[in-house]
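Inside the fold
In case you want the letters, here they are:
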Amino acid sequence: MIFSSFKINEEEKIHVQIEQHIKDSIEKGLLQKGSKLPSTREVSKVLSISRNSVISAYEGLESEGIIESVKGKGTFIAVENKSSKGDLYIDWENMISDYGNICEKLDVVKNELPWKKGMISFKSIAPDESLFDLEEFKRAFLNVFSIEGDKLLNYGYAKGYKPLIDYLKEYMRKKGVNVEGKDILITNGFTEGFDILLSTLTNQKDIIICEEPTHNTAIKIMKSHGLNIKSVKMDADGINTKLLDKTLREEPAKLVYLIPSYHNPTGIVMKGEKRKEVYEICEKYKVPILEDGFNEELLYSSSHVAPLASLCAKGNGIVYIGSFSKILFPGLRIGWVFGDEKLISKLESVKRARNIHSSFLDQAVFHKYMESGAFKRYMKKIRKHYKDKYNFTLIQVKKYIPHEYILGEGGLHIFIKLKGVKGRDVLEECYKRGVVFMPGDIFYSNDYGSERIRLGFSRVSEEDIEKGIKIIGDVVSEITDKNKE
Ligand SMILES: Cc1ncc(COP(=O)(O)O)c(C=O)c1O
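Residues numbered from 1 in each chain as written. Predicted model: local features only at pLDDT ≥ 70, side-chain atom pairs only at ≥ 80, totals over all residues.

Quick look at the overall build of the protein chain now. From N to C terminus, the protein chain includes 16 helices and 17 strands. Here the protein chain has a C-alpha radius of gyration of 30 Å; the compact-globule value for 485 residues is 23 Å, and the former is much larger. The C-alpha extent of the protein chain, read off along each of the three principal axes, is 95 × 65 × 50 Å. Counting every position in the protein chain, which comprises 485 residues, the buried fraction comes to 38%. (Helix = DSSP H or I, 4+ residues; strand = E, 2+ residues; numbered from the N terminus. Rg over C-alpha atoms; globule rule 2.2 N^0.38 Å. Buried ≥ 20, exposed ≤ 12 C-beta atoms within 10 Å, placed from the backbone.)

Following this line, the structure appears as structure tokens:
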């Protein structure tokens, strides 16, 4: 209350003292422009003075334009404090840590050409939200909220919502993974799980091996942790195992990060024999594998490929990070880290130190939805939908875009190697013609990938897919012709 330090003296008229007190408070910065003053009734009561004195003080201030009364709302300070000392100025640019600078430098959302209204965008590989079965999700929400809404709105546990942990453990078991001695930590998507793992296991300059190319966000996180990234080239069926062996032989690595199914950005699915070979190489060098299973569910063919984690029957050397972000509700930000229970216990403490836990309400609704059988039905529907769309896009790419090769077997994107044409040159021209996509170089931790482009098709209509791909093809041909001149 602004009058708590106000002392009435006998020499001056009270309304003058009140006016002066308010002016002094503005001068000292205790009252800012827009601050609400107590009502005249309140002031008279608190100071035990007549209300008329307060009214006359307020009228005096209002006539000077220092305060203003707004009908039905109250009385407010109308002026800025001119002699304000409230000008603590910080040059934030010079305060930013290396971590902050790296995150911003590698922020593709900020740094790449933005989508503008009316454009055809192949940038995203997010699921098509028009396919989400909102009714089932609403039912799951109402169900779980009516049963345990009160608990879900209180603090929960860092490791996650127990029924969801149990559900996911069983889910992993059904994928052929031995769950004995293993545990799960629920995270805010793959991204937080990966970040927590790197924070828990690595120190700056540690060597981490990954595929080349790889998930752009993973590159950003590895770089922000100051890791020494050794990327190993991929063949058409996954990481080159000879090079993997050589890289591991040359220097001891802390971790190997792999995306074996519907790899981003190539879409490659590592075959069973190769999975075994990769596993045996890592076993030989005793280096843990960090398996990113983000797209596993988007299986288009009927032959299920078990995760690498299933090869590690009795061992504990594979940490699997799961996420449904490419098929279901990425906005819920739910992912999970599956691994050795002692390791998960360490990760749990890191998670708690960071943000206590992921939203329990979200986890509980998600669990209810999955458990209800809705997920199975949904998966059946979207697999067919995305498979058809993938095939449609592939046909258009083959028809319109001159290329050296196209990689992948599925997923929500197609990765194209152009012939002597830079992806960024194509993007620049396509942008002028209303088409945008991801240049391939963002998926490389080095300077390669300049002749690659990634086209995400999940949220683009078939009509726009054909229209957009034709434009890209025209631009590629034009640049190729120009290069020949
Ligand atoms: C390789 C890879 N892993 C995981 C994810 C999912 O990340 P999140 O679960 O944080 O949304 C993506 C999303 O694009 C990805 O490309």
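Having seen it, we continue.
Here the UniProt feature "domain: HTH gntR-type" (unreviewed entry) sits at residues 12-80. Secondary structure over residues 12-80 splits into 51% helix and 14% strand, and the C-alpha atoms at its two ends are 27 Å apart. (UniProt positions renumbered as here; feature names shortened; annotations may be inferred.)

Our focus in this paragraph is the sheet that holds strand β2 (residues 67-70). Ordered by their spatial adjacency, three strands build an open sheet running β1-β3-β2, and the pairing between neighbours is antiparallel. The strands lining the two open edges of the sheet, one partner per strand, are β1 (36-37) and β2. Sheet analysis places β1 next to strand β3 (residues 74-77), joined by two bridges and oriented antiparallel. Among the inter-strand pairings, L37 is bridged to a residue of β3, identified as T75. In this fold helix α3 (residues 51-63) packs onto β2 and β3, with an angle of close to 110° to the strand it touches most, β2. (Pairing = 2+ DSSP bridges. Contact = placed C-beta atoms within 7 Å. Axes fitted to C-alpha atoms, helices over the stretch in contact; angles between N-to-C directions.)

Another point: the sheet that holds strand β14 (residues 413-417). The strands that make up a sheet pair up through hydrogen bonds in the backbone, lying either parallel or antiparallel. Ordered by their spatial adjacency, four strands build an open sheet running β13-β14-β17-β16, and the pairing between neighbours is antiparallel. Edge positions in the open sheet fall to β13 (405-407) and β16 (438-439), since each of these has one partner strand only. Those strands touched by helix α14 (residues 374-400) are β13, β14 and β17 (452-456), and its axis lies near 20° from that of β14.

Inspection of the region around the ligand gives 13 residues, with G189, T191, F294, S323 and S325 positioned closest. The dominant element in the shell around the ligand, judged by the number of residues it contributes, is helix α8 (residues 189-201), at three residues. For the shell around the ligand, the residue count by class is five nonpolar, seven polar and one charged. (Near = placed C-beta within 6 Å. Nonpolar A, V, L, I, M, F, W, Y, C, P; charged D, E, K, R; others polar.)

This part covers the nonpolar core. The biggest cluster of nonpolar side chains holds 62 residues, and the ones touching the most others in it are I184, V256, Y257 and V337. A total of six residues in this core trace back to one element, the largest contributor, which is helix α13 (residues 360-371). Ranked by size, the runner-up nonpolar core spans 39 residues in total, among them L298, Y390, L412 and L455. (Core = buried A, V, L, I, M, F, W, Y, C linked by C-beta atoms within 7 Å.)

Attention now moves to the environment of K389. Structurally, K389 is set in helix α14. The class for K389 is partly exposed, based on 19 C-beta atoms found within 10 Å. Separated by 122 residues in the primary sequence, K389 and G267 have C-alpha atoms spaced 14 Å apart.

This part takes up helix α11 (residues 272-284). Between its terminal C-alpha atoms α11 stretches 18 Å, which fits the 18 Å expected from 13 residues at 1.5 Å a residue. Listing the buried residues of α11 in full gives R275, V278, I281 and C282. Each buried residue of α11 lies within a common arc of 130° when the element is viewed along its axis, so the set occupies one face. Facing away from the buried side of α11 by more than 90 degrees, the exposed set consists of G272, E273, E280 and K284. (Expected span 1.5 Å × (residues − 1). Arc of directions from axis to C-beta.)

A few words on α3. For α3, which comprises 13 residues, the first-to-last C-alpha distance of 18 Å matches the rise-based estimate of 18 Å (1.5 Å per residue) to within 8%. Taken together, the buried positions of α3 are occupied by S53, V54, A57, Y58 and L61. One side of α3 carries all its buried residues, which in axial view fall inside an arc of 130°. Among the exposed residues of α3, those pointing more than 90 degrees away from its buried face are N52 and S63.

Moving on, we get to unusual backbone geometry. For the bond running from E212 to P213, omega is 5°, close enough to zero to count as cis. Topologically, P213 is positioned in the loop between β6 (207-212) and α9 (216-224). Positive phi outside glycine occurs at K205, with the angle close to 75°. Take K205: it is sitting in the loop between α8 and β6. Look at K205 and you get exposed, because 10 C-beta atoms sit within 10 Å.

What follows concerns the packing of helix α10 (residues 241-250) against α11. For the pair α10 and α11, the least separation of the axes is 10 Å and the interaxial angle reads 10°. Considered as vectors, α10 and α11 are oriented roughly parallel to each other. Between α10 and α11, the residues in contact are T241, L244, D245 and L248 and K274, E277, V278 and I281, respectively. In the contact of α10 with α11, the residues fall into four nonpolar, one polar and three charged. (Parallel < 35°, antiparallel > 145°, perpendicular 65-115°, else oblique.)

Here strand β5 (residues 182-188) lies mainly inside the structure; six of its seven residues are buried. Pairing geometry for β5 and strand β12 (residues 334-340), over seven bridges, is antiparallel. Bridge pairing in β12 links I186 to W336.

Quick look at the pairing of β17 now. Within a regular beta strand, the side chains point alternately toward one face of the sheet and then the other, so they alternate between its two faces. β17 sits mainly inside the fold: five of its five residues count as buried. Taking every second residue as pointing to the same face, both faces of β17 are buried, with R452, R454 and G456 on one and I453 and L455 on the other. As judged from the five bridges shared by β14 and β17, these two strands associate in the antiparallel manner. Bridge assignment links I416 to a residue of β17, and that residue is I453.

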